[in-house]
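Listed here are the chains, written in short residue letters.
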Amino acid sequence: MTPGLLWYVAYGSNLYRERFACYLAGGTPPGGAWRYPGCRDAAPARDDRAVLLPGGIYFAHTSLTWGGGMAFYDPGLPGRAPARAYLLTAAQFCDVMAQEMRRRVDAHDPGTDRDLSEVLATGRQRLGPGRYETLLKVGERDGRPMLTFTAPHPAAEAPLNAPSAPYLTMLGRGLAEAHGWDADRAAAYLAARPGARRNWTHRRIADLLGVVSPP
């Protein structure tokens, strides 16, 4: 049975609350090029928590919103990924997911509630072959399931692509807001991700986020 409320776990630009608000209420995030139609229910998240996921993120494909690579979650990568869990209705989660999958691109689209029973029972559900069309259950909190979505392939099989400066800036803001990380720590984390390595250095990202790293 699909729960009334669940946790949507964000690990990319949606770490930043203001940016995530565009998925709920509609709008264009600062530095972005895509306007989101929002959810049928535009109410803010009922709660949000900083969380750590086993595994890591990588950058791949090309974002229509930011240009450059997008963040995807791979539970098989070493380490832990800082993330943020938002408490939403199941319908809001489905609308957020549809916008990420580009299946809901217009404010006049009615939105579609999806059967989430497979991911709730098995931990994984594939809705299609594309980006963000693979659902994962990554745990529970306060008795409610924690769900996220990612690409169907792991980092080792992905078409890696370096993220853009505006996208990295949004991730840096999210890491600061959700986890209290300073810019230098955020830069070290982002520079080590597959897709960013060998394309962005720690120093360049730190400069972008407002801190000059020591040599």
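Coordinates for the structure precede this section.
Here is a short report on the structure shown in this document. Since we're looking at a predicted model, the values are computed, not measured.

1. Considering the overall build of the chain
Argument step 1. A count of helical and extended segments in the chain gives 6 helices and 8 strands.
Argument step 2. Counting from the amino terminus, the chain carries its helices and strands in the arrangement β-α-β-β-β-β-α-α-β-β-β-α-α-α.
Argument step 3. The C-alpha radius of gyration of the chain comes to 16 Å, within 12% of the 17 Å expected for a compact globule of 215 residues.
Argument step 4. When each of the 215 residues of the chain is scored for burial, the buried share is 53%.

2. Digging into the sheet that holds strand E8 (residues 144-150)
Argument step 1. The strand order across the open sheet built from 6 strands is E2-E5-E1-E8-E7-E6, with neighbouring strands paired in mixed fashion. Among the strands making up the open sheet, the edge pair consists of strand E2 (48-54) and strand E6 (124-126). In this sheet, neighbouring strand axes are inclined to one another by 35 degrees on average, regardless of whether the strands run parallel or antiparallel.
Argument step 2. Sitting on the sheet, helix H2 (residues 90-100) is in contact with strand E1 (5-10), strand E5 (80-89), strand E7 (134-141) and E8, with an inclination near 125 degrees to E5.
Argument step 3. Sheet strands in contact with helix H4 (residues 165-179) are E2 and E5, and its direction is about 75 degrees off that of E5.

3. Looking at the packing of aromatic side chains
Each aromatic ring pair is characterised by the separation of its centres together with the angle its planes make.
Argument step 1. Evaluated as defined, the whole model comprises 15 aromatic pairs.
Argument step 2. Geometrically, the ring pair formed by Tyr23 and Tyr36 is tilted, given 4.4 Å between the ring centres and 40 degrees between the ring planes. Taken together, the positions of Tyr23 in helix H1 (residues 17-25) and Tyr36 in the loop between H1 and E2 put the pair 13 residues apart, joining distant regions of the chain. Neither residue differs from the other here; Tyr23 and Tyr36 are each classed as buried.
Argument step 3. When the centroid spacing of 5.7 Å and the interplanar angle of 50 degrees are considered together, the rings of Phe93 and Phe149 count as tilted. Taken together, the positions of Phe93 in helix H2 and Phe149 in strand E8 put the pair 56 residues apart, joining distant regions of the chain.

4. Observations regarding the nonpolar core
The nonpolar side chains of soluble globular proteins are, as a tendency, buried together.
Argument step 1. Tyr8, Phe59, Phe93 and Val96 are the most contacted members of the largest nonpolar core, which totals 68 residues.
Argument step 2. Once residues within four sequence positions are removed from consideration, Tyr8 is found in contact with Asn14, Phe20, Arg84, Ala85, Tyr86, Leu88, Phe93, Val96, Glu100, Leu147 and Phe149.

5. Remarks on the packing of H4 against helix H5 (residues 183-191)
Argument step 1. Running from amino to carboxyl end, H4 crosses H5 at an angle of 125 degrees, the nearest separation of the two axes being 10 Å. Classified by the angle their axes make, H4 and H5 are oblique. Of the two elements, H4 crosses H5, and the hand of that crossing is right-handed. Contacts from Leu168, Leu171, Gly172 and Leu175 of H4 reach H5 at Ala186, Tyr189 and Leu190.
Argument step 2. A per-class count over the contact of H4 with H5 returns 6 nonpolar, 1 polar and no charged.

The rules behind these values
- Residues numbered from 1 in each chain as written.
- Predicted model: local features only at pLDDT ≥ 70, side-chain atom pairs only at ≥ 80, totals over all residues.
- Heavy atoms only, no water.
- Helix = DSSP H or I, 4+ residues; strand = E, 2+ residues; numbered from the N terminus.
- Rg over C-alpha atoms; globule rule 2.2 N^0.38 Å.
- Buried < 20%, exposed > 50% of the residue type's maximum accessible area, 1.4 Å probe, protein only.
- Pairing = 2+ DSSP bridges.
- Axes fitted to C-alpha atoms, helices over the stretch in contact; angles between N-to-C directions.
- Contact = heavy atoms within 4.5 Å.
- Phe/Tyr/Trp six-rings, centres within 6.5 Å; stacked < 30°, edge-to-face > 60°.
- Core = buried A, V, L, I, M, F, W, Y, C linked by side-chain atoms within 4.5 Å.
- Parallel < 35°, antiparallel > 145°, perpendicular 65-115°, else oblique.
- Left-handed = near helix turned anticlockwise from the far one by under 90°.
- Nonpolar A, V, L, I, M, F, W, Y, C, P; charged D, E, K, R; others polar.

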